[in-house]
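Fold and contact review
Spelled out, the chains give:
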Amino acid sequence: QVQLVDSGGGLVQAGGSLRLSCIASGRTFRTYGMAWFRQAPGKEREFVTGIGWGDGSTYYADSVQGRFTISRDNTKNTVYLQMNSLKPEDTAVYYCAAAKWGRSTSTSSHEYTYWGQGTQVTVSS
């Protein structure tokens, strides 16, 4: 069983930056592929970025490529999402997710077993 607690959301102006964090419980964090998803009001949850369990390979949705960076620190059981050049369309609740032996390219929410509670990101124009 893995528990995820994500944090770091807030209100920021367009062009600004935020860093989200997700802390996982347990001793096997390094065996989990991690990802960030987001869900805007009235829309389906969508994949943002993932990082693999082994070599730490990363993968990004086209909409955030070049602006967002995912990273992980296995010594701290934490995955981060650095978000730069934020746009109003990035406004959503952001969720971290974990999949045992997951790959960075696991883009379907059905592939993930554990989820954080979500953190709100609001970007004003």
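All of these numbers come straight from a predicted model, not from anything done at the bench. (Residues numbered from 1 in each chain as written. Predicted model: local features only at pLDDT ≥ 70, side-chain atom pairs only at ≥ 80, totals over all residues. Heavy atoms only, no water.)

Applying the stated criterion across every chain yields a total of seven aromatic pairs. Judged by centre distance (6.1 Å) and plane angle (65°), the rings of Y32 and Y114 are edge-to-face. Placement of the pair is Y32 in strand 4 (residues 32–39) and Y114 in strand 10 (residues 114–115), with a sequence separation of 82 residues. Each member of the pair Y32 and Y114 is classed as buried. Where Y112 meets W115, the ring centres are 6.3 Å apart and the plane angle is 65°; that geometry is what we call edge-to-face. (Phe/Tyr/Trp six-rings, centres within 6.5 Å; stacked < 30°, edge-to-face > 60°. Helix = DSSP H or I, 4+ residues; strand = E, 2+ residues; numbered from the N terminus. Buried < 20%, exposed > 50% of the residue type's maximum accessible area, 1.4 Å probe, protein only.)

Structurally, I23 is set in strand 3 (residues 18–24). Sequence separation between I23 and K100 is 77 residues, and the spatial gap between their C-alpha atoms is 16 Å. Once residues lying within four places of it in the same chain are set aside, the contact partners of I23 are Q3, L4, V5, K76, N77 and T78. (Contact = heavy atoms within 4.5 Å.)

Take the side chain of T119 next. Tracing the backbone through its elements, the reader meets T119 in strand 11 (residues 119–124). Look at T119 and you get buried, because its relative accessible area is 10%. From its side chain, T119 meets the backbone nitrogen of G9 in a polar contact 3.0 Å long. The residues touching T119, leaving out its near neighbours within four places in the chain, are D6, S7, G8, G9, L20, A92, V93 and Y94. (Polar contact = N/O pair within 3.5 Å; in protein donor to acceptor, adjacent residues only side chain to side chain.)

Pairs may arise between side chains of opposite charge once their charged atoms sit close together. A complete count under the given rule lists three salt bridges for this structure. Among the salt bridges present, the one from R38 reaches E46, with a minimum N-O distance of 2.6 Å. Using a relative accessible area of 6% as the deciding quantity, one classes R38 as buried. On the basis of relative accessible area, E46 is assigned to the partly exposed category, the value being 36%. In this structure, the salt-bridge partner of R67 is D90, at a minimum N-O distance of 2.8 Å. (Salt bridge = Lys/Arg side-chain N within 4 Å of Asp/Glu carboxyl O.)

Glancing now at the sheet that holds strand 7 (residues 68–73). Hydrogen bonds between backbone groups are what pair the strands of a sheet, and the pairing can be parallel or antiparallel. Here we have four strands laid out as an open sheet, ordered 1-3-8-7, and antiparallel in their pairing. A strand with exactly one partner marks an edge of an open sheet, and here the two such strands are strand 1 (4–7) and strand 7. The sheet shows a mean angle of 15° between the axes of neighbouring strands, taken without regard to direction. Across four bridges, the pairing between strand 1 and strand 3 is antiparallel. Looking at strand 3, one finds that D6 is bridged to C22. (Pairing = 2+ DSSP bridges. Axes fitted to C-alpha atoms, helices over the stretch in contact; angles between N-to-C directions.)

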